[in-house]
Amino acid sequence: MAYSVASLARLIEEFEKMPGVGKKSAQRMAYYVLNLPQEEAERFAEAITDAHSKIHQCSVCCNLTENDKCSICSDPRRDFSAICVVEDFRDVLAIERTHEYDGTYHVLHGAISPMNGVGPDQLTVKQLLARIDGSVQEVIMATNPTVEGEATAMYLSKLLNPLGVKVTRLAYGVPVGADLEYADEVTLSRALEGRRVI
């Protein structure tokens, strides 16, 4: 019979569920948490439960927030005539790091992927369409340059073009097959500057 401590094994299993975390990394994280002083371990646990209970989607752009509207949608200095459509909230952070874009965002929470059972109804497409009024002049498709991201951008452009809004796509400064969250600021800046109509 192998040696095992049930609560430690459970902690390792939970860390292993995280994306990109293998068994060895999960073990390291579990031992790190186990060695924390009681007070720090409680703060760590509280941070997780706090984040889980307080963070929800922005009522406007579907980004993450603790309030009704996120800090971007609440900022009167933003250009509300432009909406940058991204797949994930981490993409918002990546574009914000460039300091090149002062418009608003819309987070889809994924991309159309029939192979994975993700259709337009599983994304925040209806919320995006509801935002298109006379004040929105440009929608920038900043979905990832993958097959799914391209399909999503094309699908959305077909819905948006008849509404009289200019639809553009990020230029290919971002490598095909890469996720926006991993692109550097210079690459993203060039991609934003070179966006094109689709």
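One can find the structure itself at the top, above this paragraph.
Cut-offs applied
Residues numbered from 1 in each chain as written. Predicted model: local features only at pLDDT ≥ 70, side-chain atom pairs only at ≥ 80, totals over all residues. Heavy atoms only, no water. Helix = DSSP H or I, 4+ residues; strand = E, 2+ residues; numbered from the N terminus. Buried < 20%, exposed > 50% of the residue type's maximum accessible area, 1.4 Å probe, protein only. Contact = heavy atoms within 4.5 Å. Axes fitted to C-alpha atoms, helices over the stretch in contact; angles between N-to-C directions. Parallel < 35°, antiparallel > 145°, perpendicular 65-115°, else oblique. Left-handed = near helix turned anticlockwise from the far one by under 90°. Arc of directions from axis to C-beta. Pairing = 2+ DSSP bridges. Right-handed = clockwise from strand over helix to strand, strands pointing away. Core = buried A, V, L, I, M, F, W, Y, C linked by side-chain atoms within 4.5 Å. Expected span 1.5 Å × (residues − 1). Disulfide = S-S within 2.5 Å. Salt bridge = Lys/Arg side-chain N within 4 Å of Asp/Glu carboxyl O.

(A) Up close: the overall build of the protein chain. Across its full length, the protein chain carries seven helices and seven strands. Counting from the amino terminus, helix and strand elements in the protein chain follow one another as α-α-α-β-β-β-α-β-α-β-α-β-α-β. Dimensions of the protein chain, computed from the C-alpha atoms along their principal axes, are close to 65 × 35 × 35 Å. Split into buried and exposed, the 198 residues of the protein chain put 39% on the buried side. In the protein chain, of all internal contacts separated by at least 6 residues, the share reaching a separation of at least 24 is 55%.

(B) Layout of the packing of helix 1 (residues 6-16) against helix 2 (residues 23-34). Two numbers describe how helix 1 lies on helix 2: the axes approach to 8 Å, and their chain directions differ by 125°. Taken together, the axes of helix 1 and helix 2 lie oblique to each other. When you trace helix 1 past helix 2, the crossing you get is right-handed. Contacts between helix 1 and helix 2 involve Leu8, Leu11, Ile12, Phe15 and Glu16 from the first element and Lys23, Ala26, Gln27, Met29, Ala30, Tyr31, Val33 and Leu34 from the second.

(C) Quick look at helix 1. Inspection of helix 1 places Leu8, Ile12 and Phe15 among the buried residues, and these make up the whole buried set. Buried residues of helix 1, viewed axially, fall in a sector of 60°; they line one side. For helix 1, the exposed residues set more than 90 degrees away from the buried face come down to Ala6, Ser7 and Arg10. On its buried side, helix 1 packs onto helix 2.

(D) Quick peek at the pairing of strand 6 (residues 166-169). Bridging between strand 5 (residues 138-141) and strand 6 involves four bridges; their strand directions are parallel. From the neighbouring strand, glutamate 138 faces strand 6, where its bridge partner is lysine 166. On the question of chirality, the crossover connecting strand 5 to the parallel strand 6 by way of helix 6 (residues 147-160) is right-handed. Bridge count for strand 6 against strand 7 (residues 196-197) is two bridges, and the pairing is antiparallel. Across the sheet, residue arginine 169 finds its bridge partner in strand 7, namely arginine 196.

(E) Local environment of the nonpolar core. Counting residues in hydrophobic clusters, the biggest one holds 22 residues, and the most contacted among them are Cys84, Val86, Ile95, Tyr101, Tyr105, Ala142 and Leu170. Contributions of two or more residues to this core are made by strand 3 (79-86), helix 4 (89-96), strand 4 (103-107) and helix 7 (185-193). Sequence-distant contacts of leucine 170, defined by excluding residues within four places in its chain, comprise Ile140, Met141, Ala142, Leu180, Ala191, Leu192 and Arg195. By size, the runner-up hydrophobic cluster in this structure holds 16 residues, among which are Leu108, Val125, Ile132 and Ala153.

(F) Expanded view of helix 2. Across its twelve residues, helix 2 extends 16 Å between first and last C-alpha, which sits within 8% of the 16 Å expected from 1.5 Å per residue. Residues of helix 2 that are buried: Ala26, Ala30 and Val33. For helix 2, the arc enclosing every buried residue in end-on projection is 60°, short of the 170-degree limit, so these residues lie on one face. Turned more than 90 degrees from where helix 2 packs its buried face, Lys24, Arg28 and Tyr32 sit exposed. Packed against the buried residues of helix 2 are helix 1 and helix 3 (38-54).

(G) Representation of the state of the cysteines in the model. Taken as a whole and judged by the stated rule, the model has zero disulfides. Free cysteine cysteine 61: the closest other cysteine sulfur is in cysteine 70, separated by 3.6 Å.

(H) Seen up close, the pattern of salt bridges. All told, the structure shown has nine salt bridges when counted by the stated rule. Two residues, lysine 54 and aspartate 50, come together in a salt bridge whose shortest N-O distance is 3.4 Å. With a gap of four residues between them, lysine 54 and aspartate 50 both fall in helix 3, about one helical turn apart. What makes lysine 54 partly exposed here is its relative accessible area of 41%. Residues joined in a network through salt bridges with shared partners are Asp88, Arg90 and Glu181.

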